[in-house]
Amino acid sequence: MKKVFILTLGCPKNTVDSENIMYLLKEQGYEIVDDATISDYIIINTCTFIHDAMEESINSILEATLVKKDRNEVKIIVTGCLAQRYHEELLKEIPEVDAFVGTGEFYDMAKVLEKLDKDSESTLVNVENINCPIVETDRILSTPSYTAYLKVSEGCDKHCTYCVIPSIRGKQRSRKLEDIVSEAKRLAQRGVKEIILIAQDVGEYGTDLYGKRRLPDLLEELNNIEGLKWIRVLYIYPETISDELIDKLAKLDKVVKYIDMPLQHINNDILKKMGRRTSKEDILSIIRKLRKNVEGIKIRSTFITGFPSETKEQHEELLEFIRLYQLDRVGFFKYSREEGTPAYNMDNQIDEEVKEERYVELMKAQEEVSEELMEMYLDKTLEVLVEEEVEGEDNVYIGRSYMDCPEIDGEVYIYAHKPLEIGGFYDILIEDSMEYDLIGRTI
């Protein structure tokens, strides 16, 4: 039985793609292994959203070539966004790669491996169809057994001026609502307690397929699934947040009161140059509406600093917004100049040194905000999903509350009176706080 090792880099959408690949290959008789050195094929699912992600992907490919150096019969397959975007350059620079498989072609990975076995002399390049329809297939979860990502659509129609995603992932293609619900039911039957809805833009789900946004309807259907405990939604652009969606967030008991809303900036001129579809006034109105109508809502967002032509005054405006509106979870990115995007050729590119200074200022401001917000949970009780036991400690655990998304938000450190079940939910009394994390005890 041929062995396959899969390395997944980048976002949760890549995670789901790799899980699909694993299932499809296993169905064809391949064995999935977790050690590249014993594998017959090394598949690297890459990311190229920003420069750092691209660098990580390239380094991972180079590491795979070291395995091939020891065992020349090993085949290296590069898939995902880097393969789609830079296959021609990689073909010249890293000739050890045996195949490049684009973002719309990975469903045929078994055929790719078969072709490589028949012809090992030439490099296979299969990157033509970025608008490939989503294939409904099962998957092998790589996340903990109690949590799973659920992709609702692929591609994006937004064309923000800094973003390469539409040229790599294609136009938006939504899955049928009944297919998503069916998969969610299967996940629940397998013991998954938390599902996390993902896409390039979850808020636009359904517009291409049904002619209107169907996220509120989808949440209603998912909320009825027996066995699910938490339903979390990521990547909702502010212009897609309707009164109907806010009502569902407020009333559906399994939908956690958490929204990931990428804003990117707050200055109107910068938002316009970014190709964003909301204004500062729109954003402030949505934040107020969410906080008024959804009790306990936690807002997560991301911002870009150092976008071309960003002035000191515009940076200060964003800084003031961070301090004044106190979003619960915030991430910052230094603008990454990406070839093939309109922003790449914009005048007044910002020096890296200035970007770094502004980034540090924003991070410091958010740390102060977060520390203040965390202190508000002292002596309060939170329901926490237990994820791991601290090694070398008796009955000390790490978990997440409803306001924490896996890998990107904070954690809750738990001192328990007795052993806890990993993947179980417990009421925790909060006794101390840090900048992003909480500390508590079981009741």
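See the structure above.
Presented here is a report on the structure given in the accompanying data block. (Residues numbered from 1 in each chain as written. Predicted model: local features only at pLDDT ≥ 70, side-chain atom pairs only at ≥ 80, totals over all residues. Heavy atoms only, no water.)

Turning to the sheet that holds strand E6 (residues 124–126), a few remarks are in order. If you trace the six strands from one edge of the open sheet to the other, you get E2-E1-E3-E4-E5-E6, paired in parallel fashion. Unpaired on one side and paired on the other, strand E2 (31–33) and E6 mark the two borders of the sheet. Recorded for the sheet is a direction-independent mean angle of 20 degrees between the axes of neighbouring strands. For strand E5 (residues 99–101) and E6, the ladder comprises three bridges, and the chain directions are parallel. Within E6, the position partnered with Ala99 by the bridge is Leu124. (Pairing = 2+ DSSP bridges. Helix = DSSP H or I, 4+ residues; strand = E, 2+ residues; numbered from the N terminus. Axes fitted to C-alpha atoms, helices over the stretch in contact; angles between N-to-C directions.)

One face of the sheet, then the other: side chains in a regular strand alternate in exactly this way. Bridge analysis of strand E15 (residues 381–389) against strand E18 (residues 425–433) gives five bridges, and the strand direction is antiparallel. Within E18, the residue paired with Leu382 across the bridge is Ile428. In this sheet, strand E19 (residues 438–442) lies alongside E18 in antiparallel orientation, the contact comprising five bridges. Residue pairing in the sheet places Ile430 in a bridge with Gly440 of E19. In this structure, the hairpin formed by E18 and E19 is closed by a connection of four residues.

Spacing of three or four residues puts side chains on the same side of an α-helix, whose turn is 3.6 residues. Compared with the 34 Å implied by 1.5 Å per residue over 24 residues, the 35 Å span of helix H13 (residues 352–375) between its first and last C-alpha is a close match. Among the residues of H13, those classed as buried are Lys355, Arg358, Leu362, Ala365, Gln366, Val369, Ser370, Leu373 and Met374. For H13, the secondary structure elements touched by its buried residues are strand E13 (298–305), helix H12 (312–325), strand E14 (329–334), E18 and E19. (Expected span 1.5 Å × (residues − 1). Buried < 20%, exposed > 50% of the residue type's maximum accessible area, 1.4 Å probe, protein only. Contact = heavy atoms within 4.5 Å.)

For the rest of this paragraph, the subject is empty space enclosed by the protein. A full pass over the atoms with the stated rule returns four cavities of 30 Å³ or more. Its volume calculated, the largest cavity comes out at about 100 Å³. As for the largest cavity, its lining consists of Val16, Asp17, Asn20, Tyr107, Ile134, Val135, Glu136, Thr137, Arg139, Lys151, Arg175 and Glu183. Here the lining of the largest cavity takes three residues from helix H1 (residues 12–27), the largest share from any one element. Lining the second largest cavity are Asp17, Thr103, Gly104, Phe106, Tyr107, Cys132, Pro133, Ile134, Lys151, Glu154 and Arg173. (1 Å grid on protein atoms, 1.4 Å probe; cavity = no way out; pocket = protein on both sides within 12 Å on 5 of 7 lines; lining within 4 Å. Points joined across faces, edges and corners; volume = space filled by probe spheres on them.)

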